[in-house]
Amino acid sequence: MIRAGIIGYGYWGPNIVRNLHALDSAKVEVVCDKSASALARVRKAFPDVKTCSDPAEIFNSPTIDAVAIITPVWTHYELAKKALENGKHVFVEKPFTSCASQAEELIELAARKKLTIMVDHTFLFTGAVRKIRELTESGVLGNLYYYDSLRVNLGLFQHDVSVIWDLAPHDLSIMDHLIKGHPEAVVATGEKHLNGKEDIAFITLYFPNNVIAHINVNWLSPVKIRMTLIGGQKKMLVWNDIVADEKIRIYDKGVQIQSGEGLRDLLVSYRSGDMWAPQVEQLEALRVELDYFTDCIQNSKAPFNDGHAGLRVVRMLEAAERSIQKRGELIKL
Ligand SMILES: NC(=O)c1ccc[n+]([C@@H]2O[C@H](COP(=O)([O-])OP(=O)(O)OC[C@H]3O[C@@H](n4cnc5c(N)ncnc54)[C@H](O)[C@@H]3O)[C@@H](O)[C@H]2O)c1
């Protein structure tokens, strides 16, 4: 049984507490938030859980094994560092840290103390991404050509981070999980309209083997769209995360090009076969992820969404931000 302390009970924290609380492999011992009204909500929803307003109570507790950090990104480094220094395993929200050097330091500290870091890349535990990973790994899609994602909605405006640090970590972690190799370069453009931070951005990443990835993130969209196209040599798929059924549709479509001998023109043939929608697991992603977190700790396994995965995403975010500042200059990674 992993005894957990959770820091941060704002928008996302209640989901972590609810899911940890439901696991047989975990016990939510205490929830910490500096806001009294947040703690009142905890006591109402979970009368058996202790509350506190000072994270030091969690760090100094001799019974707590793991700390979940569900606070704004600029607080992650300090809180995670104190948790690790006090011998606690860490589950930390995306994005892992505000900069790569902080992530590197935490990874080194966790390795020295033989502790686990898991970064909450929730989407990797959704039925949809698990299915897409199965399709890419088993070769159903063939060699990948591109990943193209539209992740737009109205708000929620964050005070401390731009739309890139808020929404792009989802796609960057998914790409990191699905595409072989690491991106070689990033080009990004974006604009600020309301609160001095980018509220719309277009990010392009160049991966090895001609794989190109593009993300459009936007807090100023009148409609919520979560649509990703993934093109492979053998099959192409469309993932619409908003719909309840048939989230993933796989198309047996493609293009083949031959240059006929003696001919100046290319011979282009288009393949247009069946479309099908595979079954996608309906389990709550956070439940699966937190169960995996306790399993990794109990069985000394390194999670695939560990500190290194978190660091790779932070490096991509930093490069995208630098490119935006230089109006779309190519930034090598
Ligand atoms: N994985 C996901 O899909 C997902 C979704 C939403 C948010 N998040 C991430 O979760 C994190 C929190 O986001 P949110 O929207 O819940 O923020 P929020 O501002 O709604 O909540 C943060 C809470 O932390 C508390 N807090 C902040 N610093 C503290 C400290 N030092 N000690 C004790 N309490 C403290 C605040 O009082 C607040 O209640 C962010 O990193 C965000 O990116 C992840």
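Everything numeric here is computed off the predicted structure, so don't read it as measured data.

Visitor: Lay out helix H9 (residues 307-325) in plain terms, naming residues and giving numbers.
Guide: Here H9 is 19 residues long and its end C-alpha atoms lie 27 Å apart, about the 27 Å a rise of 1.5 Å per residue gives. For H9, every residue scored as buried is listed here: Gly307, Ala309, Gly310, Leu311, Val313, Val314, Met316, Leu317, Ala319, Ala320, Ser323 and Ile324. Where the residues of H9 are buried, they touch helix H5 (100-113), strand E6 (117-120), helix H7 (163-178), strand E8 (185-192), strand E9 (198-206) and strand E15 (331-332). One side-chain oxygen at the N-terminal end of H9 lies 3.1 Å from the backbone nitrogen of His308; it belongs to Asp306. Residue Arg327 follows H9 closely and has a positive phi angle near 55°.

Visitor: So what's going on with the sheet that holds strand E3 (residues 50-52)? Which residues, and what values?
Guide: The parallel open sheet is built from six strands, whose spatial order is E3-E2-E1-E4-E5-E6. Here the strands that pair on one side only, and so sit at the sheet edges, are E3 and E6. The sheet shows a mean angle of 25° between the axes of neighbouring strands, direction not considered. Across four bridges, the pairing between strand E1 (residues 2-7) and strand E4 (residues 66-69) is parallel. Bridge assignment links Gly5 to a residue of E4, and that residue is Val67. On top of the sheet, helix H4 (residues 73-85) reaches E1, E4, strand E5 (89-93) and E6; it is set at about 170° to E5, its chief contact.

Visitor: Talk me through a nonpolar patch on the surface; I want residue IDs and the actual numbers.
Guide: Residues Val255, Ile257, Leu266, Val268 and Tyr270 make up a contiguous nonpolar surface patch of about 520 Å² in total accessible area. With three residues, the top contributor of residues to the nonpolar patch is strand E14 (residues 266-276). As for its position among the elements, Tyr270 is in strand E14. Here Tyr270 falls in the exposed class, since its relative accessible area comes to 66%.

Visitor: Quick one: what's the story with the environment of Gln102, residue by residue and with numbers?
Guide: Relative to the helices and strands, Gln102 is located in helix H5. The spatial distance from the C-alpha of Gln102 to the C-alpha of Lys81 is 9.3 Å, given a sequence separation of 21 residues. When sequence neighbours within four positions are dropped, the list of residues in contact with Gln102 reads Tyr77 and Thr97.

Calculation rules
- Residues numbered from 1 in each chain as written.
- Predicted model: local features only at pLDDT ≥ 70, side-chain atom pairs only at ≥ 80, totals over all residues.
- Heavy atoms only, no water.
- Helix = DSSP H or I, 4+ residues; strand = E, 2+ residues; numbered from the N terminus.
- Expected span 1.5 Å × (residues − 1).
- Buried < 20%, exposed > 50% of the residue type's maximum accessible area, 1.4 Å probe, protein only.
- Contact = heavy atoms within 4.5 Å.
- Polar contact = N/O pair within 3.5 Å; in protein donor to acceptor, adjacent residues only side chain to side chain.
- Pairing = 2+ DSSP bridges.
- Axes fitted to C-alpha atoms, helices over the stretch in contact; angles between N-to-C directions.
- Patch = residues over 30% accessible without salt bridge, like charges linked within 9 Å, V, L, I, M, F, W, Y side chains within 5 Å.
- Areas by Shrake-Rupley, 256 points an atom, 1.4 Å probe, with all protein chains shown as cover.
- Salt bridge = Lys/Arg side-chain N within 4 Å of Asp/Glu carboxyl O.

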